[in-house]
Amino acid sequence: MAEPRGSRPERQRLPELSCSYEVSRPVYSELVCEQLHERRLQERRTLRERLAQSCSCSRKRALRVLKTLLPILEWLPKYRVKDWLVSDLISGVSTGLVATLQGMAYALLAAVPVGYGLYSAFFPILTYFIFGTSRHISVGPFPVVSLMVGSVVLQMAPDEHFISNETTFNATIIDTAARDQERVLLASTLTVLVGIIQLIFGGLQIGFIVRYLADPLIGGFTTAAAFQVLVSQLKIVLNVPTKNYNGILSIIYTLIEIFQNIGSTNIADCIAGLLTIIICMIVKELNDRFKHKIPIPIPIEVIVTVIATAISYGANLEKNYNAGIVKSIPRGFLPPVLPRVNVFTEMLTASFSIAVVAYAIAVSVGKVYATKYDYAIDGNQEFVAFGISNIFSGFFSCFVATTALSRTAVQESTGGKTQIAGILSAVIVLISIVALGKLLEPLQKSVLAGVVIANLKGMFMQVCDVPRLWRQNKIDAVIWVFTCLASIILGLDLGLLAGLMFALLTVVLRVQFPAWSSVGSLPHTDIYKSTKIYKNTEETEGVKILRFSSPIFYGNIDGLKKSVKNTVGFDAVRVCNKRLKALKKIQKLIKKGQLRATKNGIISDAGTSNSAFEPDEDIEDPEEFDIPTKEIEVQVDWNSDLPVKVNVPKVPIHSLVLDCGAVSFVDIVGVRSLKMIVKEFQRIDVNVYFSSLPDHVIQKLEQCGFFEDSIRKDIFFSTAHDAVLYLQNQVKSREVQDSILETISLIQDCKDPLGLMEAELTEEELDVQDEAMRRLAS
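Below is a short write-up of the structure.

## A short note on the overall build of the protein
Each helix and strand counted, the protein has 30 helices and ten strands in total. Relative to its full complement of 778 residues, the protein shows a buried share of 46%.

Okay, here's the thing in structure tokens:
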């Protein structure tokens with residue numbers, strides 16, 4: 001009966017094999033490889049020779065070092081004025097306007113007067129222009145770093161330390177002038193200390209430290225920081241009085257006090273702040289959606305600030321509605337101030353965290369744009385650049401600088417090509433410091449707080465990464481959540497440390513419980529895959545292959561032994577103990593005359609006595625149990641039934657291959673354990689072989705005394721397939737030898753061997769006989 005069209009199920013199309021290859025080569029063991037292919041002689045230079053080479057100088061090398069320390073000498077001579085200047089000019093103006101507003105807004109997070117935020121948006125750019133390697137990042141304040149600075153400042157200079165003598169019974173008066181002066185000095189001192197730490201890190205070439213701050217860790221940390229920024233700015237938007245809490249659960253205490261005092265909310269500030277947040281977020285969303293159609297993003301922060309300042313000035317919101325305004329912005333520049341060195345020790349822990357976080361944020365953003373525009377940034381030089389920038393700006397009453405994501409996005413999207421755009425943005429900030437500062441004094445602080453909150457959207461959206469991380473890698477998702485919660489509960493500095501320790505702990509646990517698998521070959525290939533994952537893998541009879549995918553060191557030795565035991569299906573030590581116990585009983589029965597040892601095995605002359613059956617207990621140490629087996633010529637087939645009542649586990653294999661291609665290093669404990677595993681299996685007549693071991697690991701085995709008379713290099717093979725081919729050849733050779741020996745024995749036992757053999761043996765067996773006779777004669 002014909003099937004209707006379309007009812008036949010479609011056959012699954014197999015992938016087409018576009019090419020194939022055949023290789024014919026001998027089986028390579030490590031010993032054969034060394035004999036056929038000569039190793040390169042590695043020159044070991046003395047410390048004096050290394051120092052002499054590193055200290056040698058030439059004109060070319062001096063120029064290269066100079067360009068490394070001063071990257072401006074590399075890119076500025078190649079600057080294309082006609083192609084890039086206009087784009088950098090437009091980008092510089094747009095970024096400068098945004099930097100002016102963000103500098104003032106982020107000063108609130110750093111717990112210093114808003115005018116000092118303008119200094120922090122100006123001075124760091126001057127030095128980064130010379131020493132930095134990124135062409136696109138906009139250097140200046142960042143909310144997370146500013147909040148970390150503010151937490152240190154508030155902890156060391158709380159309001160309680162500045163209670164005025166004019167305080168009455170009904171009201172507490174704070175000496176705000178002295179408080180602000182002290183906080184500015186502490187913030188600038190912290191900035192200098194952060195710069196010194198970053199400069200030391202750059203000099204020691206340890207830019208790799210940022211690699212330990214994984215993306216999930218940074219994501220959870222910045223999300224928690226965004227939440228803390230939101231809470232700190234919420235009280236400014238509502239203009240409610242609260243204490244400055246620091247340390248563990250400080251954010252919870254702040255929220256509780258905000259809701260307790262929410263009845264005293266200033267309506268004018270609340271409305272201005274909420275409108276700023278809503279308008280800025282809507283316009284920023286439009287900028288993102290229509291960025292291909294809008295040549296320059298709408299500078300909504302600048303527009304909102306100008307309008308809010310005009311409304312506040314025209315309606316006199318401070319006098320009529322008691323709104324909180326900026327009040328005073330320093331005009332011009334302040335003279336340099338020396339940092340307070342005596343408080344360095346109190347700031348050291350926090351400054352280390354701030355230095356690393358600021359650097360990590362800047363480098364991560366810089367690498368995104370460096371990859372996009374096909375150039376490289378030097379991580380160590382970035383440490384130097386930000387270290388010099390923070391030291392320099394710290395003397396001018398600034399707080400710690402890094403880069404801001406939104407500001408950098410503006411600089412890049414408006415056409416910025418180089419740090420010329422950064423210098424032009426600094427010129428715009430300079431104009432604001434010198435001429436426009438006075439005009440911004442009526443601006444409400446709630447508007448600046450609204451600008452800060454509106455710029456947190458990107459960091460809050462990182463929460464959407466958690467479900468994706470959970471699907472892709474649950475450990476990364478747990479790191480994200482743990483770091484976020486720890487940073488919220490413990491504070492940013494302790495939270496970052498806790499998240500880092502937790503992330504490193506997950507790495508240790510993953511190495512301590514290593515991945516392993518029992519592998520077999522795919523049919524007609526030299527490819528070996530896990531027998532649990534692939535159905536049609538083939539295992540060579542009598543051979544087990546264990547693929548161990550982890551370093552071998554003191555932390556995962558138990559995991560290695562467990563994987564070996566699960567792969568072979570028995571415990572080599574227990575098998576050895578049982579065999580020794582069986583030999584002891586066999587010896588007793590032979591002495592009693594109940595058993596007789598022959599070349600063909602053990603023959604029972606009489607029924608075994610029940611008195612010889614002892615409890616089946618394991619021997620703890622096989623070395624202490626001395627059995628004179630050499631005095632008894634006994635051949636025992638351990639996989640057959642024994643004449644004694646001892647439950648000896650069967651050993652169905654004759655060889656174990658450890659595929660160590662993924663072993664990156666091995667320590668002295670690992671070497672000892674490998675040596676012990678080899679000897680344990682040799683005691684039960686199972687040979688252990690190694691494959692794919694890296695050269696540096698083999699050298700480490702040599703250094704640690706792994707090789708000896710019973711463990712030679714010919715048990716190491718280039719691949720697992722080499723080891724399997726070698727073992728298959730050994731089995732065939734052994735079968736031929738056994739057949740020859742059996743034939744020789746038969747010949748020797750026959751009275752008329754030639755006539756008997758010719759009468760009873762087939763032609764093939766006669767050939768075997770001839771071969772046996774030749775070998776016997778030889």
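## Regarding the pairing of strand β3 (residues 515-521)
With five of its seven residues buried, β3 lies for the most part within the structure. Bridge analysis of β3 against strand β5 (residues 543-549) gives five bridges, and the strand direction is antiparallel. Bridging from a neighbouring strand, Val 519 pairs with Ile 545 of β5. As paired strands, β3 and strand β4 (residues 528-530) are joined by three bridges and run antiparallel to one another. Bridging from a neighbouring strand, Val 519 pairs with Ser 530 of β4. Linking β3 to β4, which pair antiparallel, is a turn of six residues; within it His 524 sits at a positive phi near 65 degrees.

## Topic: the nonpolar core
Counting 111 residues, the largest nonpolar core has Val 145, Val 149, Ile 354 and Leu 448 as its most contacted members. Per-element tally for this core: the top contributor is helix α15 (residues 344-372), with 16 residues. In contact with Leu 448, not counting residues within four places along its chain, are Leu 101, Met 104, Ala 105, Leu 108, Val 114, Val 326 and Leu 443. Formed by 47 residues, the second largest nonpolar core is a distinct cluster that contains Ile 545, Val 564, Val 657 and Val 697.

## Some details on the packing of aromatic side chains
The geometry of an aromatic ring pair is captured by two quantities: the separation of the ring centres and the angle between the planes. Applying the stated criterion across every chain, the model contains 27 aromatic pairs. The interplanar angle of 85 degrees and the centroid separation of 5.4 Å between the aromatic rings of Phe 706 and Phe 707 together place this pair among those described as edge-to-face. Phe 706 gets classed as buried once you look at its relative accessible area, which sits at 0%. Exposure remark for Phe 707: the relative accessible area of 22% places this residue in the partly exposed category. With centroids separated by 5.1 Å and ring planes inclined at 45 degrees, the aromatic side chains of Phe 717 and Tyr 726 adopt a geometry described as tilted.

## Here we look at the sheet that holds β4
On the basis of which strands lie adjacent, the open sheet formed by six strands has the order β4-β3-β5-β8-β9-β10 and mixed pairing. The open sheet is flanked by β4 and β10 (716-717), the only strands paired with a single partner. Two elements, β5 and strand β8 (residues 655-659), share five bridges in a ladder whose sense is parallel. Directly across from Val 543, in β8, lies its bridge partner Ser 655. Along the sheet, helix α24 (residues 557-568) makes contact with β3, β5 and β8, crossing β5 at roughly 150 degrees.

## Here we look at the side chain of Asp 722
Inspection of the secondary structure puts Asp 722 in helix α28 (residues 720-749). There is a polar contact of 2.9 Å between the side chain of Asp 722 and the side chain of Arg 25. Ignoring any residue separated from it by four or fewer positions in sequence, one finds Asp 722 in contact with Arg 25, Pro 26, Val 27, Tyr 28 and Phe 717.

## Re the pattern of salt bridges
In a structure, side chains of opposite charge can pair up when their charged atoms sit close to one another. Enumeration over the complete set of coordinates arrives at 22 salt bridges. Note that Lys 284 and Glu 301 form a salt bridge whose closest N and O atoms lie 2.8 Å from each other. Of this pair, Lys 284 sits in helix α12 (residues 267-289) while Glu 301 sits in helix α13 (residues 300-315); the two residues are 17 residues apart in sequence, bridging distant segments of the chain. We note a salt bridge from Arg 579 to Asp 685, for which the minimum N-O separation is 3.9 Å. Note that Arg 579 is positioned in helix α25 (residues 572-592) and Asp 685 in the loop between α26 (668-683) and β9 (687-691), a separation of 106 residues in sequence. Here Arg 579 falls in the buried class, since its relative accessible area comes to 8%.

## Details of the packing of helix α8 (residues 143-156) against helix α10 (residues 215-238)
Two elements in contact, α8 and α10, have axes separated by 9 Å at closest approach and are oriented at 65 degrees. Taken as a pair, α8 and α10 cross one another with a handedness that is left-handed. Where α8 abuts α10, its residues Pro 143, Val 144, Leu 147 and Met 148 lie against Phe 221, Ala 225, Gln 228, Val 229 and Ser 232. Class assignment of the residues belonging to the contact of α8 with α10 gives a composition of seven nonpolar, two polar and no charged.

## Let's talk about the pairing of β9
Where burial is concerned, most of β9 is hidden: four out of the five residues are buried. Bridging between β8 and β9 involves five bridges; their strand directions are parallel. Counted as the bridge partner of Leu 656 is Val 688 from β9. Taken together, β9, helix α27 (residues 695-703) and β10 constitute a β-α-β crossover, and its handedness is right-handed.

## A closer look at the packing of helix α9 (residues 176-203) against helix α16 (residues 379-394)
Packing of α9 against α16 brings their axes to within 7 Å, and their N-to-C directions diverge by 155 degrees. As judged from the angle between their axes, α9 and α16 are roughly antiparallel. The handedness of the crossing between α9 and α16 is left-handed. Here Ser 188, Thr 191, Val 192, Val 194, Gly 195, Ile 196, Gln 198, Leu 199, Phe 201, Gly 202 and Gly 203 of α9 lie close against α16, whose contacting residues are Asn 380, Phe 383, Val 384, Phe 386, Gly 387, Ile 388, Asn 390, Ile 391, Ser 393 and Gly 394. When its residues are assigned to classes, the contact of α9 with α16 shows ten nonpolar, eleven polar and no charged.

Conventions we followed
- Residues numbered from 1 in each chain as written.
- Predicted model: local features only at pLDDT ≥ 70, side-chain atom pairs only at ≥ 80, totals over all residues.
- Heavy atoms only, no water.
- Helix = DSSP H or I, 4+ residues; strand = E, 2+ residues; numbered from the N terminus.
- Buried < 20%, exposed > 50% of the residue type's maximum accessible area, 1.4 Å probe, protein only.
- Pairing = 2+ DSSP bridges.
- Core = buried A, V, L, I, M, F, W, Y, C linked by side-chain atoms within 4.5 Å.
- Contact = heavy atoms within 4.5 Å.
- Phe/Tyr/Trp six-rings, centres within 6.5 Å; stacked < 30°, edge-to-face > 60°.
- Axes fitted to C-alpha atoms, helices over the stretch in contact; angles between N-to-C directions.
- Polar contact = N/O pair within 3.5 Å; in protein donor to acceptor, adjacent residues only side chain to side chain.
- Salt bridge = Lys/Arg side-chain N within 4 Å of Asp/Glu carboxyl O.
- Left-handed = near helix turned anticlockwise from the far one by under 90°.
- Nonpolar A, V, L, I, M, F, W, Y, C, P; charged D, E, K, R; others polar.
- Right-handed = clockwise from strand over helix to strand, strands pointing away.
- Parallel < 35°, antiparallel > 145°, perpendicular 65-115°, else oblique.

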